[in-house]
Amino acid sequence: MSEVIVTGTGVVSPAGLGTEPLWSAMAAGRSLFGPAGPLPWPVAAVDRAAVEWPPGKPWVDNRKYANLAAHWAVGAARLALRQAGRDPDSPGWGDPERGGTVMAVGSTGDELGDVMPRLAGMALDDPRPLATLLYEEVPDYSYIRGIPSQLGQFVCMATGFRGSNVAAYGEVAAGGLGALALALRLLESGELDRVLVVGVAPPSSVTALHSFDQDEPIGTEAAPGRGPFDEERAGPLLGQGAAAVLLERAAPADAPAPRALARLLACETVVAADRASATGLAVRAALRRAGSRPDHWWAHGSGSPAADREECSAVLPQVGAVPVTSSKGTLGLALECSALIDTALAVESLRRGQLPPVGLLRRPDPRLGGPDTVTGAARPVPGSGTALITGIDHGRSSASAGALVLGGVTGEPGDQRARGEEEL
């Protein structure tokens, strides 16, 4: 069985473009939440103008068909390709047979829901007759409805990966770990040599926010003491973003071995009778497959009073006293791609040999069983060690969870960089 490695990551977040700005925001203890607007829930929002769109005339036309989620998905995918040393804008670039994509997506309205308000505004000042404007600007409705995942289509066009393009929806999602688990199987089976996993969490509608809040209350205050694992946490804080993780077989038959950022040792998702059972079973299966205990843990740690308690009760007996962090106090819960973002952050931590602290955590809850939460400042961890990432779907009614185990790469340039920064 060929080893599966991570060769590139890309993140679109409120901290900016790339994994490094978000990791640095966590390490500095910065909160990315804006003030609450007309709704009671603060959100860590992405600057929409910061996400690039591919150049060239075909992409100018394609933009007419792209909603915000597609825009962010393509942006994250291009970042991951570049980190892996692949230029998505090179003529003839692509891998139509041995490269594929897996999308982690939620249930959203069709793309016309985004297009029509923009067209209504354009029609006020556009000199073209209305019929001409609609003919030239509106995507063909039957075309949109006929594609199961239009996000996947855009990512395929941007990457040139055109083999085995699928999407992971609903209960198997677990913040994107369901998509990573599927990608791992595609690589281990030998069907593909490289798979790009992309997830995106664009702004949620007011209806969706109220639905989430009714299922499990959303936090209304982004302040110290309201973060994950805190004694006074009052509910998940919300975030936006997109993430891409490029996985490759370490020794594909048709090319030299690619440069590894980390090793993907295991990824499992489970749907069980309840959230705690699903989490425990997923972690047990992933650790058994990886063959080792982790050196540190990137917890889902949403800030939900119930979910944090259930996650700790399911995971701590299996991992022991390892350092624990969570990105949700800095970034918020980015739903479909939360665990994908954490995977990219965990790769960065392994490369740096440091684990950033939990944002907005002031007083760890003594009822959680004593997790060794990282607070205040980043903590040294072995760059060649292993990291556990857990993902849980939002809501009391959710009964699905996932677990992923990453292994560091000995002698990575990033390890040397981290040691040099500490000496300075």
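Conventions adopted
Starting from 1, residues in each chain are numbered consecutively following that chain's sequence as written. Totals for whole chains, interfaces and linings use every residue, but because this is a predicted model, local features are given only for residues with pLDDT of at least 70 and side-chain atom pairs only at 80 or more, for both listing and counting. Excluding hydrogens and water, the side-chain figures rest on all heavy atoms present in the structure. UniProt positions are given in the numbering used here, feature names are shortened, and annotations may be inferred rather than shown by experiment. In this analysis the probe radius is 1.4 Å and the grid spacing 1 Å, with only protein atoms considered; a cavity is a set of points the probe fits into but cannot get out of, a pocket is an open set with protein on both sides within 12 Å along at least five of seven lines, and lining residues have an atom within 4 Å of a point. Grid points are joined across faces, edges and corners, and a volume is the space filled by probe spheres set on the points. When residue character is reported, Ala, Val, Leu, Ile, Met, Phe, Trp, Tyr, Cys and Pro are called nonpolar, Asp, Glu, Lys and Arg charged, and the others, Gly included, polar. Numbering of helices and strands runs from the N terminus; a helix is a DSSP stretch of H or I covering at least four residues, while a strand is a stretch of E covering at least two. Here the term buried applies to any residue with accessible area under 20% of the maximum for its type, exposed to any over 50%, and partly exposed to those in between, with areas from a 1.4 Å probe on protein chains only. Here, residues are in contact when the closest pair of their heavy atoms is within 4.5 Å. Aromatic contacts are taken between Phe, Tyr and Trp rings whose centres are within 6.5 Å, Trp giving its six-membered ring; a plane angle under 30 degrees counts as stacked, one over 60 as edge-to-face, and the others as tilted. Multiplying 1.5 Å by the residue count of a helix minus one yields the expected span of that helix.

- The protein appears in an unreviewed UniProt entry as Beta-ketoacyl synthase N-terminal-like domain-containing protein from Kitasatospora misakiensis.
- Its UniProt record gives the protein a comment under Sequence similarities (unreviewed entry), which states: "Belongs to the thiolase-like superfamily. Beta-ketoacyl-ACP synthases family."

## Focus on the layout of surface pockets
(1) Moving on: Here the second largest pocket defines a volume of roughly 190 Å³.
(2) Moving on: In terms of lining residues, the second largest pocket is bounded by 13 residues, among which Val43, Pro203, Ser204, Leu209 and Gln240 are the most central.
(3) Moving on: Split into classes, the residues belonging to the lining of the second largest pocket amount to 10 nonpolar, three polar and no charged.

## Points about the environment of Ala25
(1) Moving on: Along the polypeptide, Ala25 turns up in helix H1 (residues 19-27).
(2) Moving on: With a relative accessible area of 0%, Ala25 lands in the buried category.
(3) Moving on: Along the chain, Ala25 and Leu331 lie 306 residues apart, while their C-alpha atoms are 9.1 Å from each other.
(4) Moving on: The contacts of Ala25, once residues within four sequence positions are left out, are Arg30, Leu32 and Thr330.

## Re the packing of aromatic side chains
The geometry of an aromatic ring pair is captured by the separation of the ring centres together with the interplanar angle, meaning the angle of the planes.
(1) Moving on: On inspection of all chains with the given rule, the structure shows two aromatic pairs.
(2) Moving on: On the numbers, 5.3 Å between centres and 85° between planes, the contact of Trp53 with Trp59 is edge-to-face.
(3) Moving on: A residue is classified by how much of its surface remains accessible, and Trp53, at 13% relative accessible area, is buried.
(4) Moving on: Here a set of aromatic residues connected by ring pairs shows up, and it is made of Trp53, Trp59 and Phe154.

## What to know about helix H12 (residues 338-352)
(1) Moving on: The first and last C-alpha atoms of H12 sit 21 Å apart over 15 residues, in line with the 21 Å expected at 1.5 Å per residue.
(2) Moving on: Burial within H12 is extensive, with 15 of its 15 residues counted as buried.
(3) Moving on: Just past H12, the residue Gly353 takes up positive phi, approximately 75°.

## Details of unusual backbone geometry
(1) Moving on: Residue Ser164 is not a glycine yet carries a positive backbone phi of 50°.
(2) Moving on: Among the structural elements, Ser164 can be located in the loop between helix H7 (150-159) and strand E5 (166-168).
(3) Moving on: Positive phi is not limited to glycine here, since Leu360 has a value of about 60°.
(4) Moving on: Considering the arrangement of structural elements, one finds Leu360 in the loop between strand E12 (354-355) and strand E13 (372-373).

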